[in-house]
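Residues per chain, in single letters:
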Amino acid sequence: YNATDTWKIVNDLLTYSNIDTIIGTETLTTHLNALVARDNNRIAQMLADEKLRKVLPHNVLPRYIKIRPNYSGFYYLQHESRTMAMLREQSSKETSETKEKQSIISRYKQEIYRELDLWMPNFNAYIQGEWLQLISAYFYNCAANLKEPQEMLRLHREWGESLQNNSDALESLEKFLREHRDIRHEFIPIVNALHFLQTDCKYNQESHSIFIDTKEENSGQKIKELLHHYSSQRFVVAQTFDMAYSRDISEVTQFSSGELDMLKFFSRLHDATFLRPDKFGNIRVPQLILIDEAENAYHPEWQLMFVNKLLTFLSAIYEKNDRKPQFQVVLTTHSPILLSDLPRMCVNYLEKNSDTGEVKLSLYQPETFGSNVFMLYRNAFFMRKGLIGEFAQGMIAQIESQIKNQSVPTETIMKEINLLGDEAIKEYMTSL
C-alpha cells in the first residue's frame, strides 16, 4: 500500500483529470482540495488517539481543530459556469462546420451550466451566522454533486430568502425540510452534524471559530464523533464542513512546511499501518515499511529525534493492533544525523559514478552508530572535496593566488581573510 504524498496526487490526477464525464472534468483545484481534505481527515484520526499524541514532539501538535464551511461546491459550479460561458462565446464565433464537431457532452454541459444562480445570503458575524454558512455551503455541495444543479440552487435561494434576522439556523433548516420532504433524506448529514457541533463543540466570538480543544478531557472521543460527520462528496472533498488546525484560537495556520510534513507523515503512517488493515480485509498489518528520503523538510533538531520517534510511534501502533512490534523499516537518507542512529551492520552505502551514472554498493563500511556528524559527512557520504561550499572554496583559492602573485594590496587581502570562518584556514592565509 503506497501512502506517500506525491504518489497520491499524481495517481489521482492521472486517473481522473482526463476523464470528461457528464458532470465535468475535475479541475486541479478540486484535486488539491481533495488532497487537503484527506490529509485533514488522517491528521484528525491520529489526534483522536491520546497515546499517539504523546509520542510526537509537543511543539508540532495543533491544539485546536476548527470547523469551517466548505464552499468547494460553490467554487466548482462557479468554475463550470465561467468555463461554459467562455465556450458559448467562442462557439458564436466559429463556423457551422466547427460547431458540428462539438461533442454532445460539451453541448449538454453548456446548457446545464448556463447562468447558474450562485446567490449567497448575508449572514451576521455571530454564532448563528456560522451555522447558517455551514448550511449554505452544504446546499452548494449537494448541487455540485447533481447532474442538473439548477433545482437545488433554486431551493437554496428559497431557504435563504426565508431567513429573518437572528434566525435559528437548525430550526430554519428543519422547518424548510418539513416543507420539502423530497430532499429531506439528502440533508440528514448536515442536520446531524449541526446537532453535534452545537452540543459538543465550542465557539469563540472574537475569531468566529467553532472548535474542539484537544487538551480538554474526552477530546479524543469528540474528534472521533467529528470525523463521523466529516462525510465526503464526489471526489472525497468534505461535504458537511471543512477542518483546519491551529495552536492559537485566533489563528488558523501557524505551521511551517516541516511541521505540516511531520503531521502528514505520521498520520499517513497511522492510516497505512493501523486504520486500513482494520478497515479492509485485503490489507494486512505491514511488516515491511519503506521510507524514501526520510529527512525531507525536517529541521536538524527534528532529524535528531526522527528515528527514535518513528520506532516509538510504530511500536505504539502495533500494540494497538494487539500484535508484537515486529517490523522492519528500510529508509534512504542523505542525512548524517539519521545515519548516526543506525548501527553499521544496518547500513548499505550506494555510490554513483558521476561519469557513467552507474550506481553500485560501496564496500567501504565506516562505523556510524553514535558517530560524529562531520566525520559521517566526510566518510559515509563520500565528500572527497571537503565540507566547504564550492563558492567559498573558489574564494579561498583566489585569495591564495592573490597572495602568491602579490596582485592585490595587503589591506584588501586581509579584509577577505577576515571573512573566513575556519580559524585554521584563516591563520594559514594570514601567515602566507
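So, here is what we can say about the structure in this document.

Definitions and limits used
Residues numbered from 1 in each chain as written. Predicted model: local features only at pLDDT ≥ 70, side-chain atom pairs only at ≥ 80, totals over all residues. Heavy atoms only, no water. Patch = residues over 30% accessible without salt bridge, like charges linked within 9 Å, V, L, I, M, F, W, Y side chains within 5 Å. Areas by Shrake-Rupley, 256 points an atom, 1.4 Å probe, with all protein chains shown as cover. Salt bridge = Lys/Arg side-chain N within 4 Å of Asp/Glu carboxyl O. Lys, Arg positive; Asp, Glu negative; His and termini not counted. Charge placed at Lys NZ, Arg CZ, Asp CG, Glu CD. Helix = DSSP H or I, 4+ residues; strand = E, 2+ residues; numbered from the N terminus. Axes fitted to C-alpha atoms, helices over the stretch in contact; angles between N-to-C directions. Parallel < 35°, antiparallel > 145°, perpendicular 65-115°, else oblique. Left-handed = near helix turned anticlockwise from the far one by under 90°. Contact = heavy atoms within 4.5 Å. Nonpolar A, V, L, I, M, F, W, Y, C, P; charged D, E, K, R; others polar. Pairing = 2+ DSSP bridges. Core = buried A, V, L, I, M, F, W, Y, C linked by side-chain atoms within 4.5 Å. Buried < 20%, exposed > 50% of the residue type's maximum accessible area, 1.4 Å probe, protein only.

## Side note on a positive patch on the surface
- There is a patch of like positive charges on the surface, built from K175, R178, R181 and R184.
- Mapping R181 onto the fold places it in the loop between α9 (169–179) and α10 (188–200).

## A word on the packing of helix α12 (residues 257–279) against helix α13 (residues 300–320)
- At a closest axis distance of 10 Å, the pairing of α12 and α13 adopts a crossing angle of 25°. Taken as axis vectors, α12 and α13 run roughly parallel relative to one another. For α12 against α13, the interelement crossing comes out right-handed. Taken together, the residues of α13 that come into contact with α12 (itself represented by G258, E259, M262, F265, F266, L269, H270, T273 and F274) are W302, F306, K309, L310, F313, L314, I317 and K320.
- Looking at the contact of α12 with α13, its residues break down into 11 nonpolar, 3 polar and 3 charged.

## Remarks on the sheet that holds strand β3 (residues 209–213)
- The antiparallel open sheet is built from 4 strands, whose spatial order is β2-β3-β1-β6. The outermost strands of the open sheet, each flanked by one partner alone, are β2 (202–204) and β6 (242–246). Strand-to-strand twist in this sheet, taken as the mean axis angle between neighbours without regard to direction, amounts to 40°.
- Across 3 bridges, the pairing between β2 and β3 is antiparallel. Counterpart to N204 in the pairing with β3 is S209.
- Helix-sheet contacts for helix α7 (residues 127–144) involve β1 (64–68), β2 and β3, and the interaxial angle to β3 is about 90°.
- Across the sheet, helix α11 (residues 219–228) touches β1, β3 and β6, and the angle it forms with β3 is around 130°.

## Details of the nonpolar core
- In this structure, F187, L197, L226, F241, M243 and F313 are the most contacted members of the largest nonpolar core, which totals 80 residues.
- Per-element tally for this core: the top contributor is α7, with 11 residues.
- One finds I396, I403, I413 and M429 within the second-largest nonpolar core, a separate group that totals 7 residues.

## Describing unusual backbone geometry
- The residue N218 is not glycine, and still its phi comes out positive at about 70°.
- When you line up the elements, N218 lands in the loop between β3 and α11.
- When its relative accessible area of 45% is taken as the criterion, N218 is described as partly exposed.
- Positioned with a positive phi, Q406 is a non-glycine residue whose angle comes to about 50°.

So far we have only geometry, and geometry alone does not tell us how the molecule works.
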